[in-house]
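# Structure at a glance
Here's the letter readout for the chains.
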Amino acid sequence: MRTVATASHLRAAEEKVFSEQPGVDLMSRAADAIVSVARVIAPSGPVVVAVGPGNNGGDGLYAAAALAGDRDVLVWLAMGTGHEAGLHAADEAGCRQVDAAEATESLTDASLVIDAVLGIGGRAGLPEHLAMFVDAVDALGVPVLAVDLPSGLDTDSGAAHPSFRADCTVTFAAPKPCHVVGEASERCGDLVVVDIGVPVPDTGVFVAEESDVARWWPVPGPDSHKYTRGVVGLDTGSSHYPGAALLGCAGALHAGPGMVRYLGGAPQGLVVSRFPSVVMADGRVQAMVLGSGWGDLEDAAERLAGALSRGVPLVLDADALSLLPADLPPGSLLTPHAGELARMLGVQRHEVDADPMGKAREAASRFGATVLLKGGTQYVATPSGTVTIAVRGPAWTGQAGSGDTLAGACGTLLAAGLEADRAAILGASLQAITASRHPGPHPPDVLASFFPDVIADLVDVADLR
Ligand SMILES: NC(=O)C1=CN([C@@H]2O[C@H](COP(=O)(O)OP(=O)(O)OC[C@H]3O[C@@H](n4cnc5c(N)ncnc54)[C@H](OP(=O)(O)O)[C@@H]3O)[C@@H](O)[C@H]2O)[C@@H](O)CC1
Ligand SMILES: Nc1ncnc2c1ncn2[C@@H]1O[C@H](COP(=O)(O)OP(=O)(O)O)[C@@H](O)[C@H]1O
Ligand SMILES: [K+]
């Protein structure tokens, strides 16, 4: 996992480095990293460097100077001025300064555009002349390497302001919110996080990576058996929504449980004819999933009370989220989408959309349980106040029934003994990684059927580490 830091976190950390190590040259380290990545993306050919007035531009100018050793490098001062010492270095190295028209014309031959206009000091949005340059870059498909972040984005949010669209972003010390949440994150391309000697501040916000899923996935040992691996009980679905039972079972079974017991109100024959290994008899479980596809079941409160009396961690999804008891069993997980979270907190949906991370954190604190807020960005908030953003997946995962399979998968992970936050991070990330590796669209149960391939692959890679 990586810590996510805001612009002000980073500035404070950077100031501390400067005060403790006067004269330290962070900019050269940043520039070296940009040069290394630039050489991988575009090993040869002319490079156009769009340079802004601040230190982001300074990074770009030193990188331009280094690249000019063996290729044509064109420098455009996109805001009229640039970092003085950086400009001197670029001039000395033979970079050619161009104006807006020449920068745009040169795109037809360019192998790479380096966006060093604005970084963490930038205000959101782009002036008109830069927006036109970005349109020309996009139209010609020239690869873009963004320095720290695609200029135009707001460092601290996922909002989709007019900005560069990068194929790769080289950022320093830690990912910022714009790299990992919302539509902004889709503008960053591949993210390379470089250690330039600025210690990562403790922010309590993290982003999960595929390697975390690989390391944490619960793998049975040689002496494991179905009960030690974990039995998950599903009280999901109903006669009105029998599909939810199948979707939950699909998610639970394909995430690798010891056993799935189906204890809900959908026709048992339907479940067992589709999934013969699902057990219909009641008995011991290590975790329960409730609520998906309940609709307005008359005995919902009794069903919840029955599950609570088992004293095992619960995944509460969909309709169970409107019945939250005061004391949830330790290790329980709530899986609302934004509308459900708004209802849980008694606020409007737009308030959740405006501050999804804050609202997920508020719910985790109020209900004393881990909250997985589902959506394009998936936030896992714990009662202690930490928030982890799950691995991101393609948008077509957002379809009816994806949440049911996800709840099932999370149930399997809780039954395996994982803490609720790990179960949520792994379940949500697995769904996203699977959707990325098996481009669809696939209906949710079909997507779940690819979970085992992805788990096997991830675990295999983890074993080799
Ligand atoms: N943190 C670290 O450890 C390290 C950081 N490093 C690098 O420094 C970068 C941060 O540099 P920075 O603070 O100089 O800010 P930066 O992003 O260059 O922009 C500020 C300038 O842009 C201007 N401006 C802003 N918005 C604008 C707009 N919309 N339209 C027009 N103008 C606009 C703004 O003008 P003003 O606000 O004064 O009007 C000001 O002149 C960081 O991202 C990283 O690349 C590395 O060198 C090494 C270690
Ligand atoms: N834009 C998106 N990109 C990727 N995944 C998404 C997007 N929107 C929703 N999802 C995922 O799709 C699932 C939808 O869950 P939910 O809304 O509960 O659906 P349902 O209740 O119909 O099963 C969740 O796993 C969610 O995170
Ligand atoms: K930039």
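Given the structure is predicted, the values throughout are model-derived calculations rather than measurements.

About the cut-offs
- Residues numbered from 1 in each chain as written.
- Chains lettered and ligands numbered in written order.
- Predicted model: local features only at pLDDT ≥ 70, side-chain atom pairs only at ≥ 80, totals over all residues.
- Heavy atoms only, no water.
- Core = buried A, V, L, I, M, F, W, Y, C linked by side-chain atoms within 4.5 Å.
- Buried < 20%, exposed > 50% of the residue type's maximum accessible area, 1.4 Å probe, protein only.
- Helix = DSSP H or I, 4+ residues; strand = E, 2+ residues; numbered from the N terminus.
- Donors = N, O, S within 2.8 Å, 3.2 Å for Na, K, Ca; no water.
- Tetrahedral: all angles 85-135°; square planar, octahedral: opposite > 155°, others 65-115°.
- Domains from an automatic or database assignment.
- Contact = heavy atoms within 4.5 Å.
- Buried area = accessible area lost by both parts, 1.4 Å probe.
- Salt bridge = Lys/Arg side-chain N within 4 Å of Asp/Glu carboxyl O.
- Polar contact = N/O pair within 3.5 Å; in protein donor to acceptor, adjacent residues only side chain to side chain.
- Nonpolar A, V, L, I, M, F, W, Y, C, P; charged D, E, K, R; others polar.
- Axes fitted to C-alpha atoms, helices over the stretch in contact; angles between N-to-C directions.
- Parallel < 35°, antiparallel > 145°, perpendicular 65-115°, else oblique.
- Left-handed = near helix turned anticlockwise from the far one by under 90°.
- Near = heavy atom within 4 Å.
- Areas by Shrake-Rupley, 256 points an atom, 1.4 Å probe, with all protein chains shown as cover.
- Pairing = 2+ DSSP bridges.

Take the nonpolar core next. In this structure, Trp217, Leu234, Cys249, Tyr262, Val271, Val278 and Leu372 are the most contacted members of the largest nonpolar core, which totals 50 residues. Residue contributions to this core peak at 8 residues, all from helix H18 (residues 420–437). With 48 residues, the next largest nonpolar core counts Leu10, Ala63, Val147 and Val194 among its residues.

For the rest of this paragraph, the subject is the coordination of the potassium ion (ligand 3). Here the potassium ion (ligand 3) is held by the protein donor atoms Asn56 (OD1), Asp115 (O), Leu118 (O), Val147 (O), Leu149 (O) and Ser151 (OG), which lie 2.6 to 3.0 Å from it. Around the potassium ion (ligand 3) sit 6 donor atoms; with metal-centred angles ranging over 69 to 170°, the donor geometry is irregular. For the potassium ion (ligand 3), the donor residues sit on a single chain with the sequence spacing N-x58-D-x2-L-x28-V-x1-L-x1-S. Of this pair, leucine 118 sits in the loop between strand S5 (112–116) and helix H6 (128–140) while leucine 149 sits in the loop between strand S6 (144–147) and strand S7 (168–172); the two residues are 31 residues apart in sequence, bridging distant segments of the chain. Residue class for leucine 118 comes out buried when judged on its relative accessible area of 15%. Look at leucine 149 and you get buried, because its relative accessible area is 0%.

Domain annotation for the protein reports domain 1 (12–200) and domain 2 (211–464). Between domain 1 and domain 2, the contact holds 6 residues from the first and 4 residues from the second. Broken down residue by residue, the surface that domain 1 buries against domain 2 is led by Val180, Val181 and Glu186, which jointly contribute 72%. Linking domain 1 with domain 2 are 1 salt bridge. Glutamate 186 is paired through a salt bridge with arginine 392; the nearest N and O atoms lie 2.7 Å apart. Linking domain 1 with domain 2 are 4 residue pairs in polar contact (both at pLDDT 80 or more). Looking at the side of domain 1 that touches domain 2 element by element, the count peaks at 3 residues for helix H8 (residues 182–185). Residues belonging to the side of domain 1 that touches domain 2 are distributed by class as follows: 2 nonpolar, 2 polar and 2 charged.

So, about the packing of helix H3 (residues 55–67) against helix H4 (residues 84–92). Where H3 contacts H4, the two axes come as close as 8 Å, and the packing angle between them is 15°. Taken as axis vectors, H3 and H4 run roughly parallel relative to one another. Judged by the twist between their axes, the crossing of H3 over H4 is left-handed. Counting all contacts with H3, which are made through Leu61, Tyr62 and Ala65, the residues of H4 involved are Ala85, Gly86, Leu87, Ala89 and Ala90. Residue composition of the contact of H3 with H4, grouped by class: 7 nonpolar, 1 polar and no charged.

With that settled, consider the site of ligand 1. Around ligand 1 sit 21 residues in total, of which Asn55, Asp59, Gly119, Arg123 and Asp148 are the nearest. Here an oxygen atom of ligand 1 and a side-chain polar atom of asparagine 56 are 2.9 Å apart. In this structure, an oxygen atom belonging to ligand 1 sits 2.6 Å away from a main-chain N or O atom of glycine 119. When isolated, ligand 1 has an accessible area of 940 Å², and the protein chains bury 77% of it. Listed by contribution, the elements that provide at least two residues to the shell around ligand 1 are helix H1 (7–20), helix H2 (26–41) and H3.

Take the sheet that holds strand S3 (residues 73–77) next. Note: strands within a sheet are paired through backbone hydrogen bonds, in either parallel or antiparallel orientation. Taken together, the 7 strands give an open sheet; going across it, the order is S4-S3-S2-S5-S6-S7-S8, and neighbouring strands pair in parallel fashion. At either margin of the open sheet sits one strand with a lone partner, and together these are strand S4 (96–98) and strand S8 (190–194). Averaged over neighbouring strand pairs, the angle between their axes works out to 20° when direction is ignored.

Here we come to unusual backbone geometry. Of note, the amide linkage connecting glycine 440 to proline 441 takes the cis form, showing an omega dihedral of 15°. Structurally, the position occupied by proline 441 is in the loop between H18 and helix H19 (444–449). The phi torsion at alanine 173 lies on the positive side, around 70°, for a residue other than glycine. Residue placement: alanine 173 occurs in the loop between S7 and helix H7 (177–180). The class for alanine 173 is buried, based on a relative accessible area of 9%. For alanine 318, which is not glycine, the phi dihedral falls at a positive 45°. Here alanine 318 is to be found in the loop between strand S13 (314–317) and strand S14 (333–335). Judged by relative accessible area, which is 17%, alanine 318 ranks as buried.

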